[in-house]
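Next come the chains, spelled out residue by residue.
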Amino acid sequence: MNPAMETVHQRVEAVRARPFEPVTGEADDGALTTGLVQAWIADASDALGRLMVAGIAHPDPELPETFDLLSERAAALGTGTAARGFAVLAEWTRALRPGPPDLTTRMQLAHETWREAMALLAWLRLFRADIDLASAAVRARGERSDGAERADLPRYTDRVYVDGLTLSAEQRLVVVGHDEHGQQVLAFDPLASGDADDPFGSPVISRLFQEQMWLGDLAGCALDFDRHPYTRRGNTILVQPAFRAVPLRLPTDRPLGGPGVEVFEAHCSADGEALVVRPRDGGRVVVGRTFEFNVRKRLAALGRPGLSLRLVGLPRREGRVIIACDDEGQTRFPAIDARCWRVHPEVLAAATVSASVWLRAAAAMFGGHPGPERERLFRDVATAKLAGLDAWRLVWWSARLGADALDLVVPEVPGPSAEDGFVAVWGHLWNGGGEDALKALYAARYESVPEPALPDVCARTLLLDAVTGDRDAALAYLEAHLVHLRRTGKSAPVLPPSLHLVMLADTLAWLTAGDRSGPVGDALQLPSVPLRERLAQKLYRWRVHGETHELADTLALGALCAWGATVVG
């Protein structure tokens, strides 16, 4: 053990041997400046710093034990968020030593460990800021020469009924509500650890509530605030997080709407590429990207071009900002809730019962087909006389749903398109093609591909693995193209067709899982918002206009990914 590590180890042992000392005296801000809390902050910062320096891939061997110790001390101090965070880091850093043998699993675990460490660092900065402010307040009280007791900062204590939420791109949450006295209340909450693409589909670390939580739990709630710092702006009360108090969440059956917000009926319809929201009382409405996405999902589920909604808006100069919606008596936050208004699998199954075999097969991947229809679909697949790309689609689908194995009809000479080449390579592997045929195909078409299309990348990856036997090299080649795809996939227009992404997911499954029926979609790590929007758009155009272009491939891709469940499920 080097001298630096030995010093850290001795410090950890000394801290472990030190008994916990109860905080005595009046429970005010001064109690937070005790040496016990300050020592814990220093040790927590030191441990997280060692994780950053040593790296996530090969963490310090003593870190899991140190994180366990910090978790125990955090629990004794009453900081549940830190206790849970350090317990998770202890478990995951222990799993990374020596680590999962599977490269993809290891990379995913390292990614999650990094995210957890970053979230804990953000929480620790806020914790330390509160301690510093408390220390300054205590010193100020002790240094006054006149000995007079200074009045405490103004504190807010009241019950607030939640009207809606807004969320900025910087993950700054504003809870919009009103109190018992008819005044508007805005409670501010800088969030950490949330998924910017799907803030309702992932837990966030809330500074206001001092815990990990789901934003959807705030729907239909009243919040009891107790001595929270606040200021006033006109008739609006602005409440800030407090360290020593959290608002208590209570269910309430009060209808939506209160002072400072407007509840109105609006008709939503799709006019070409744009969503049009027309309030019945006139005026303008600010239509956000996620709200439009949710309404398009709803239109796809209903199969009609328009619907009426009861919305809650926050009046602004540019128009009403939508902060909540009454969805059949249930409060939703459609401005940021990317999971509401789903197309249920049963609806999808009923609507595709008379469609093509491949479209029915793709819809069945969401689990919506009843038993008799599923059996009939299996029979139709088994008797389908398809070749090439369509045959690959059905074989790929049947492997994931447990249908009988099918033989893939492979042309002796691949067609000119990149998709034909991929199907030929895949078919040779699926049917147990000889090594000589694979080597010939590799030399003839894939040994040197200057600017390959995505199907060519998939085919060359499979051949690199089969011909050279170097799976790591094949994965590295595929990962290089995945990294480029993630960088350029920030907006929907540059994403490849869904068919190509399905091929990519299947190739990754072949190399990493060893079982083509394994879950692979999320390993692509593509931007979820444009993919969800693409699926919602395809469903809408099919239900309203009967357009099926690329729908089956988009359904199949969605069934492999967590984001697919935000649209169908």
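No experiment lies behind these values; they were computed from the predicted model shown.

Undergrad: I would appreciate a short explanation of the overall build of the protein chain in the present structure.
TA: Counting secondary structure elements, the protein chain contains 17 helices and 14 strands. Each of the 569 residues in the protein chain was classed as buried or not, and the buried ones make up 48%. Taking contacts inside the protein chain between residues at least 6 apart in sequence as the whole, the part at least 24 apart equals 63%. Summed over all atoms, the accessible surface of the protein chain reaches about 26,300 Å², with 52% contributed by carbon and sulfur.

Undergrad: It is not clear to me how the pattern of salt bridges should be interpreted in this structure. Could you clarify?
TA: Under the criterion given, the structure shown has 12 salt bridges. Glu262 is the salt-bridge partner of Arg320, the closest N and O atoms lying 2.5 Å from each other. Note that Arg320 is positioned in strand 13 (residues 319-327) and Glu262 in strand 9 (residues 262-271), a separation of 58 residues in sequence. The exposure class assigned to Arg320 is buried, which follows from its relative accessible area of 11%. Between Arg471 and Asp465 there is a salt bridge, with the nearest N and O atoms lying 2.8 Å from each other. Residues participating in the shared-partner salt-bridge network are Glu262, Asp281 and Arg320.

Undergrad: Looking at this structure, I do not really get unusual backbone geometry. What am I missing?
TA: The phi torsion of most residues other than glycine is negative, and most of the peptide bonds are trans. One non-glycine residue, Gln210, adopts positive backbone phi at about 55 degrees. Backbone geometry places Gln525, a non-glycine residue, at a positive phi of 55 degrees. Within the fold, Gln525 resides in the loop between helix 15 (498-512) and helix 16 (528-545). The class of Gln525 is partly exposed, set by a relative accessible area of 44%.

Undergrad: Explanation requested: the nonpolar core in the structure shown.
TA: Grouped burial of nonpolar side chains is what soluble globular proteins tend to show. Ranked by size, the top nonpolar core spans 89 residues in total, and within it Trp397 and Leu539 carry the most contacts. Broken down by element, the residue count for this core peaks at 10 residues, all from helix 15. Leu191, Ile237, Val261 and Ala324 belong to the second-largest nonpolar core, a separate cluster that totals 31 residues.

Undergrad: Explanation requested: the packing of aromatic side chains in the structure shown.
TA: For any two aromatic rings, the description comes down to two numbers: the centre-to-centre distance and the angle of the planes. Throughout the structure, instances matching the rule amount to 7 aromatic pairs. An aromatic cluster is present here, built from Trp392, Phe422, Trp426 and Trp510 joined pairwise through their rings. Looking at Arg543, its charged tip hangs above the ring of Trp542, at a distance of 5.8 Å from the centre.

Undergrad: How should I be thinking about helix 4 (residues 80-95) in this particular structure?
TA: For helix 4, with 16 residues, the first-to-last C-alpha span of 23 Å sits near the 22 Å given by 1.5 Å per residue. Along helix 4, the positions that sit buried rather than exposed are Thr81, Ala82, Ala83, Gly85, Phe86, Leu89, Ala90 and Thr93.

Undergrad: How should I be thinking about the packing of helix 13 (residues 454-468) against helix 15 in this particular structure?
TA: Running from N to C, helix 13 and helix 15 cross one another at 15 degrees; their axes reach a closest spacing of 9 Å. With respect to each other, helix 13 and helix 15 are oriented roughly parallel. Note on packing geometry: the crossing formed by helix 13 with helix 15 is left-handed. Contact residues: Leu454, Pro455, Cys458, Thr461, Leu462 and Asp465 in helix 13; His500, Leu501, Met503, Leu504, Thr507, Trp510 and Leu511 in helix 15. The class makeup of the residues in the contact of helix 13 with helix 15 is 9 nonpolar, 3 polar and 1 charged.

Undergrad: Sorry if this is basic, but what is going on with the environment of Ala418 here?
TA: Turning to its location among the elements, Ala418 is positioned in helix 11 (residues 418-430). We classify Ala418 as buried; its relative accessible area is 14%. In the structure, Ala418 is positioned 37 residues away from Pro455 in sequence and 5.5 Å away in space, judged by C-alpha atoms. Filtering out sequence-adjacent residues up to four positions away, Ala418 remains in contact with Arg445, Ala453, Pro455 and Asp456.

Undergrad: Explain the side chain of Thr507 to me, please; I cannot follow it from the model alone.
TA: When you line up the elements, Thr507 lands in helix 15. In this structure Thr507 touches Phe422, Cys458, Thr461, Leu462 and Leu478, once residues within four positions along its chain are discounted.

Undergrad: Mind showing me how you'd approach helix 3 (residues 63-77) here?
TA: Along an α-helix, residues three or four positions apart point the same way, because every turn accommodates 3.6 residues. For helix 3, with 15 residues, the first-to-last C-alpha span of 21 Å sits near the 21 Å given by 1.5 Å per residue. Along helix 3, the positions that sit buried rather than exposed are Leu63, Pro64, Thr66, Phe67, Leu69, Leu70, Ser71, Arg73 and Ala74.

Undergrad: Is there a simple way to explain the pairing of strand 3 (residues 184-190) in this structure?
TA: Successive residues of a regular strand alternate their side chains across the two faces of the sheet. Taken across its 7 residues, strand 3 has 6 buried, putting it largely inside the fold. The pairing of strand 2 (residues 172-179) with strand 3 spans 7 bridges and is antiparallel. Residue pairing in the sheet places His178 in a bridge with Gln184 of strand 3. Between strand 2 and the antiparallel strand that follows it, strand 3, lie 4 residues; Gly182 among them carries a positive phi value of about 80 degrees. Relative to strand 7 (residues 236-239), strand 3 is paired through 4 bridges, and the arrangement is parallel.

Undergrad: Mind showing me how you'd approach the side chain of Gln537 here?
TA: Its place among the elements puts Gln537 in helix 16. Its relative accessible area of 17% is what places Gln537 among the buried residues. A distance of 3.5 Å separates a polar atom in the side chain of Gln537 from a polar atom in the side chain of Arg296.

Undergrad: It is not clear to me how the packing of helix 6 (residues 289-302) against helix 16 should be interpreted in this structure. Could you clarify?
TA: Relative orientation and spacing of two packed helices are given, respectively, by the angle between their axes and the distance between those axes. Running from N to C, helix 6 and helix 16 cross one another at 35 degrees; their axes reach a closest spacing of 8 Å. Note on packing geometry: the crossing formed by helix 6 with helix 16 is left-handed. Judged by residue contacts, Arg289, Phe293, Arg296, Lys297, Leu299, Ala300, Ala301 and Leu302 of helix 6 engage Val529, Pro530, Arg532, Glu533, Ala536, Gln537, Leu539, Tyr540 and Arg543 from helix 16. Class assignment of the residues belonging to the contact of helix 6 with helix 16 gives a composition of 10 nonpolar, 1 polar and 6 charged.

Undergrad: Before we go on, may I ask you to explain the pairing of strand 13 in this structure?
TA: The element strand 13 is largely enclosed, with a buried count of 7 among its 9 residues. Direction of pairing for strand 11 (residues 285-286) relative to strand 13: parallel, over a ladder of 2 bridges. When the bridges of strand 13 are listed, Val285 appears paired with Arg320. Sheet analysis places strand 12 (residues 306-316) next to strand 13, joined by 7 bridges and oriented antiparallel. Paired with Val312 across the two strands is Ala324, which belongs to strand 13. Connecting strand 12 to the next strand, strand 13, in antiparallel fashion are 2 residues. Taken together, the 3 bridges between strand 13 and strand 14 (residues 330-332) define a ladder with antiparallel strand orientation. Along strand 14, the bridge assignment pairs Asp327 with Gln330.

Definitions and cut-offs
- Residues numbered from 1 in each chain as written.
- Predicted model: local features only at pLDDT ≥ 70, side-chain atom pairs only at ≥ 80, totals over all residues.
- Heavy atoms only, no water.
- Helix = DSSP H or I, 4+ residues; strand = E, 2+ residues; numbered from the N terminus.
- Buried < 20%, exposed > 50% of the residue type's maximum accessible area, 1.4 Å probe, protein only.
- Contact = heavy atoms within 4.5 Å.
- Areas by Shrake-Rupley, 256 points an atom, 1.4 Å probe, with all protein chains shown as cover.
- Salt bridge = Lys/Arg side-chain N within 4 Å of Asp/Glu carboxyl O.
- Core = buried A, V, L, I, M, F, W, Y, C linked by side-chain atoms within 4.5 Å.
- Phe/Tyr/Trp six-rings, centres within 6.5 Å; stacked < 30°, edge-to-face > 60°.
- Lys NZ or Arg CZ within 6 Å of the ring centre and 35° of its normal.
- Expected span 1.5 Å × (residues − 1).
- Axes fitted to C-alpha atoms, helices over the stretch in contact; angles between N-to-C directions.
- Parallel < 35°, antiparallel > 145°, perpendicular 65-115°, else oblique.
- Left-handed = near helix turned anticlockwise from the far one by under 90°.
- Nonpolar A, V, L, I, M, F, W, Y, C, P; charged D, E, K, R; others polar.
- Pairing = 2+ DSSP bridges.
- Polar contact = N/O pair within 3.5 Å; in protein donor to acceptor, adjacent residues only side chain to side chain.

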